[in-house]
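Chains, contacts and geometry: an overview
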Amino acid sequence: MLTTKKLFELKIEPPDADIYLAAGKKWDGISKPIDGLGDFETVVARIAAIEGTLEPAIDKRAAVIMCADNGIVEEGVSQTGKEITTAVARALGAGISTACTLGRSARVDIVPVDIGIDCGERVDGVLDLKVRRGTRNFLNEPAMTPEEALLAIERGIYLAGDLAAKGYKVLATGEMGIGNTTTSCAVLSALLQTDSREIVGRGSGLDDAGLHRKMEAVKQGLEKYGYAGKTWDNSTEARKERALDILCNVGGLDIAGLSGLCIGAAINHIPVVLDGVISSTAALLAELLVPGVRDYLIPSHEGREKGNLMALKALLLSPLIKGNMALGEGTGAIMLFPLLDVVFDYYQGGAKFNDYRIEEYKRFD
């Protein structure tokens, strides 16, 4: 059983720095201008360093979609009710959801997970790792107990290890759960010590009245648990304890499970492609709980929610796609894979300068 002590004692081995440099040199030997493919060259070198080989592979990949309900929907923070979470989970299990359709084209296996759907039955085709039937309304009481949060994290870590054992080379993160942009905004505002009004967005399409309710719910939640306008001890241990406290009080089971997935992937030297604001919030939480996780993270798209870029900035990461997307289900992460396939193909088979009989470009920085 994962305890707070065990979680905080986890260590992440950094990617291979020598392989990273060697991959950069291999790029420079391909017949093109230096850094001609920009950030995509860096991503390939990072994946090579993570896998510990100059010939990395991303052919076997999966998108893990954590599904969970959130008690805060009682406050009218979403356009739809929690029953939609179960409905979309059923679509994921049946292979007909948006993520499943995009995944077939992008050659990404879809792994839907029930980490906390508020329903009494098992959903066909969905992996049952349920911790509880949704979180509590954080305006009334903490969203989850420390034991529940740790269990969700542990199950995410376990799943990453299980997928690694099955030969998966890269994972993507996704989620489904009505109200989870509210929980992610609350968590992110508290983690960054930022005015929540700068982060809260319209989610899946709130009108002005709904947006106001959402802003008020997040604001009141931060005030209730003492996160608003507070100056904190920023030592590593204090950050770990605070991150877990924030998750328990205003977070979601999907965020906890995705944090665990990021931690587990880093332990197993597997790169993780992040989706939008919920994924990025979970990734930031994972980095605070277990420093070193960020070296294994690859952002996919900018997203429409303002908090996504704020979370990525805190992780010192930048997205590869703009896109203006806000669909969820890991769709932005899935859509990155065809681009990565093109770049990997060129990295592995692009013509060298000798093939052209021209002089190699020189690097001067």
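All of the points below concern the structure found in this document. This structure is a prediction, so every number in the text was calculated from the model and none was measured.

How each quantity is defined
- Residues numbered from 1 in each chain as written.
- Predicted model: local features only at pLDDT ≥ 70, side-chain atom pairs only at ≥ 80, totals over all residues.
- Heavy atoms only, no water.
- Helix = DSSP H or I, 4+ residues; strand = E, 2+ residues; numbered from the N terminus.
- Buried < 20%, exposed > 50% of the residue type's maximum accessible area, 1.4 Å probe, protein only.
- Contact = heavy atoms within 4.5 Å.
- Expected span 1.5 Å × (residues − 1).
- Bend = angle between axes of the 7 residues up to and from the residue.
- Pairing = 2+ DSSP bridges.
- Axes fitted to C-alpha atoms, helices over the stretch in contact; angles between N-to-C directions.
- Salt bridge = Lys/Arg side-chain N within 4 Å of Asp/Glu carboxyl O.
- Polar contact = N/O pair within 3.5 Å; in protein donor to acceptor, adjacent residues only side chain to side chain.
- Phe/Tyr/Trp six-rings, centres within 6.5 Å; stacked < 30°, edge-to-face > 60°.
- Lys NZ or Arg CZ within 6 Å of the ring centre and 35° of its normal.
- Nonpolar A, V, L, I, M, F, W, Y, C, P; charged D, E, K, R; others polar.
- Parallel < 35°, antiparallel > 145°, perpendicular 65-115°, else oblique.
- Left-handed = near helix turned anticlockwise from the far one by under 90°.

1. Looking at the side chain of N180
- Relative to the helices and strands, N180 resides in helix 7 (residues 180-192).
- Of the residues examined, N180 reaches a relative accessible area of 6% and is grouped as buried.
- Among residues more than four places away in sequence, those in contact with N180 are N70, E175, D254 and I278.

2. Re helix 13 (residues 331-349)
- The first and last C-alpha atoms of helix 13 sit 28 Å apart over 19 residues, in line with the 27 Å expected at 1.5 Å per residue.
- By the largest-angle criterion, L339 marks the main kink of helix 13, which is about 25°.
- Every buried residue of helix 13 is listed here: T331, G332, A333, I334, L336, F337, L340, V343, F344 and Y347.

3. Examining the sheet that holds strand 6 (residues 297-299)
- Sheet architecture is open: 6 strands sit in the order 3-2-1-4-5-6, paired in parallel fashion. Both outer strands of the open sheet, strand 3 (127-128) and strand 6, are each paired with one neighbouring strand and no more.
- The pairing of strand 2 (residues 109-116) with strand 3 spans 2 bridges and is classified as parallel. Opposite V113, over in strand 3, you have L127 as the bridge partner.
- Across the face of the sheet, helix 10 (residues 253-267) comes into contact with strand 1 (61-68), strand 2, strand 4 (170-176), strand 5 (272-274) and strand 6 while running at roughly 175° to strand 4.

4. Here's the deal with the pattern of salt bridges
- A complete count under the given rule lists 21 salt bridges for this structure.
- A salt bridge links E148 to R132; its shortest N-O distance comes to 3.5 Å. One end of the pair, E148, is in helix 6 (residues 146-165); the other, R132, is in the loop between strand 3 and helix 6, with 16 residues separating them in the sequence.
- E148 sits in the buried class, given a relative accessible area of 14%.
- Judged by its relative accessible area of 23%, R132 falls in the partly exposed class.

5. A closer look at helix 7
- Relative to the 18 Å expected for 13 residues at 1.5 Å per residue, helix 7 spans 18 Å between its end C-alpha atoms, a close match to the ideal helical length.
- Across the 13 residues of helix 7, 12 count as buried, placing the element largely inside the fold.
- Here helix 7 has its buried residues at N180, T181, T182, T183, S184, C185, A186, V187, L188, S189, A190 and L191.
- In the core, the buried residues of helix 7 are packed alongside strand 4, helix 8 (208-224), helix 9 (236-250), helix 10, helix 11 (277-289) and helix 12 (306-314).
- Positive phi shows up at Q193, right after helix 7, with a value of about 55°.

6. Considerations on the environment of R294
- Here R294 is to be found in the loop between helix 11 and strand 6.
- A relative accessible area of 22% means that R294 is categorised as partly exposed.
- Along the chain, R294 and A63 lie 231 residues apart, while their C-alpha atoms are 18 Å from each other.
- Beyond its immediate stretch of four places on either side in the chain, R294 contacts R46, E287, L315, L316 and L317.
- Polar side-chain contacts of R294 include one of 3.2 Å to the backbone oxygen of L316.

7. Some details on the packing of aromatic side chains
- Per the stated rule, a full pass over the model turns up 4 aromatic pairs.
- Plain terms: the ring middles of W27 and Y346 are 6.1 Å apart, the flat faces sit at 50° to each other, and that makes the pair tilted. Taken as a pair, W27 in helix 2 (residues 17-28) and Y346 in helix 13 lie far apart in primary sequence, 319 residues in all.
- Its relative accessible area of 27% is what places Y346 among the partly exposed residues.
- If you follow K26 out to its NZ or CZ, it ends over the ring of Y347, 4.3 Å from the centre.
- We note K60 situated over the ring of Y168; from NZ or CZ to the ring centre the distance is 4.2 Å.

8. Topic: the side chain of D114
- Mapped onto the secondary structure, D114 falls in strand 2.
- Relative accessible area serves as the criterion here: at 3%, D114 is assigned to the buried category.
- A distance of 3.1 Å separates a polar side-chain atom of D114 from the backbone nitrogen of G116.
- Not counting chain neighbours up to four residues away, the residues in contact with D114 comprise C67, V126, L127, D128, L129 and K130.

9. Concerning the packing of helix 9 against helix 11
- Helix 11 packs onto helix 9 with a crossing angle of 145° between their chain directions and a minimal axis gap of 8 Å. Only L285, L288 and L289 of helix 11 make contact with helix 9, whose side of the interface consists of R239, K240, A243, L244 and L247.
- Grouping the constituent residues of the contact of helix 9 with helix 11 by class yields 6 nonpolar, no polar and 2 charged.

10. Some details on the packing of helix 2 against helix 3 (residues 39-51)
- Interhelical geometry of helix 2 versus helix 3 gives an angle of 140° and a closest axis separation of 8 Å. Our classification of the angle between helix 2 and helix 3 gives oblique. When you trace helix 2 past helix 3, the crossing you get is right-handed. Taken together, the residues of helix 3 that come into contact with helix 2 (itself represented by I19, Y20, A23, G24 and W27) are F40, E41, T42, V44, A45, R46, A48 and A49.

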